[in-house]
Amino acid sequence: MSQHHKSSRHNSATYHLRPEYEARLPLPCTECGRPVERTQKWHIAHIIPASEGGRTTRQNTGVAHALCNLRAGGKLATRKQAVSRYRSKGIRKW
């Protein structure tokens, strides 16, 4: 568990979003852009990390390959670049 999660009242309630995203798979990974398939291990990823004040909402979450999400950690700049890249391509509609 990260230090952020230990020292704050943060409670990532992404479990309630998982069935909704799973029904819509395949969707593009928020980190690498490749499709996330049901058969793969995947996470609900925050676009703006919770550690930076990002909320657990549909507008601030998406799917990510488990390895992509773990590799990204709380790298805010990387995610901001991904968001602008996907929005400019019209990929992210949620």
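The structure this text deals with has already been given above.
In this text the structure is predicted, and so the values were computed from the model without any measurement. Starting afresh in each chain, residues are numbered from 1 along the sequence in its written order. Residue-level local features of this predicted model are given only where pLDDT is at least 70; pairs of side-chain atoms are given and counted only at 80 or more, and the full residue set underlies all totals for whole chains, interfaces and linings. As a rule here, side-chain values come from all non-hydrogen atoms in the structure, and water together with hydrogens is ignored.

A. How the structure looks around the overall build of the chain. Only DSSP runs of H or I reaching four residues or more are called helices, and only runs of E reaching two or more are called strands; each is numbered from the N terminus. Scanning the chain from N- to C-terminus turns up four helices and four strands. Taken from N to C terminus, the helices and strands of the chain fall in the order α-α-β-β-β-β-α-α. Throughout, exposure labels follow a simple rule: accessible area from a 1.4 Å probe, protein chains only, divided by the maximum for the residue type, with under 20% read as buried, over 50% as exposed, and the rest as partly exposed. Residues classed as buried in the chain amount to 37% of the 94 residues present. Contact criterion: two residues are considered in contact whenever any of their non-hydrogen atoms come within 4.5 Å of each other. Of the contacts made within the chain by residues no fewer than 6 positions apart, 62% connect residues no fewer than 24 positions apart. Per-residue accessibility takes into account occlusion by the displayed protein chains alone, with areas from the Shrake-Rupley method and a 1.4 Å probe. On the chain, roughly 6,000 Å² of surface is accessible, and the fraction owed to carbon and sulfur atoms is 51%.

B. Quick look at the packing of aromatic side chains. Side-chain rings of Phe, Tyr and Trp, where Trp is taken by its six-membered ring, are said to pair if the distance between their centres is within 6.5 Å; with planes under 30 degrees apart they count as stacked, over 60 as edge-to-face, and otherwise as tilted. Counted under the stated rule, the structure contains zero aromatic pairs. Look at NZ for Lys and CZ for Arg. If either is within 6 Å of the ring centre and within 35 degrees of the ring normal, a charge sits over the ring. The ring of Trp 42 carries Arg 18 above its face, with NZ or CZ at 3.7 Å from the centroid.

C. Layout of the environment of Leu 25. With respect to the helices and strands, the residue Leu 25 is situated in the loop between α2 (18-24) and β1 (27-28). Once residues lying within four places of it in the same chain are set aside, the contact partners of Leu 25 are Val 36, Glu 37, Arg 38, Trp 42 and Val 63.

D. Looking closely at the nonpolar core. Residues Leu 17, Tyr 21, Leu 25, Leu 27, Cys 29, Val 36, Trp 42, Ile 44, Ala 45, Val 63, Ala 64 and Cys 68 constitute the largest nonpolar core, which totals 12 residues. Elements supplying a minimum of two residues to this core: β3 (42-46) and β4 (61-65). For this core, the element with the most residues is β3, which contributes three residues. The residues contacting Cys 68, other than those within four sequence positions of it, are Cys 29, Glu 31 and Cys 32. The set of buried Ala, Val, Leu, Ile, Met, Phe, Trp, Tyr and Cys residues whose side-chain atoms join them within 4.5 Å is what this entry labels a nonpolar core.

E. Looking closely at the pairing of β4. Of all five residues in β4, five are buried; the element is thus mostly enclosed. On β4, burial covers both faces: Thr 61, Val 63 and His 65 on one face and Gly 62 and Ala 64 on the other are all buried. Two strands make a pair as long as DSSP finds a minimum of two bridges between them. Across five bridges, the pairing between β3 and β4 is antiparallel. The residue bridging Ile 44 from the neighbouring strand is Val 63, located in β4.

F. Spatial organisation of the pattern of salt bridges. In what follows, salt bridge is the name for a side-chain nitrogen of Lys or Arg lying within 4 Å of a carboxyl oxygen of Asp or Glu. Using the criterion set out here, one finds one salt bridge in the structure. Here Glu 20 makes a salt bridge to Arg 58, at a shortest N to O gap of 2.9 Å. Of this pair, Glu 20 sits in helix α2 while Arg 58 sits in the loop between β3 and β4; the two residues are 38 residues apart in sequence, bridging distant segments of the chain. Owing to a relative accessible area of 43%, Arg 58 belongs among the partly exposed residues under this scheme.

Distances and angles like these do not, on their own, reveal function.
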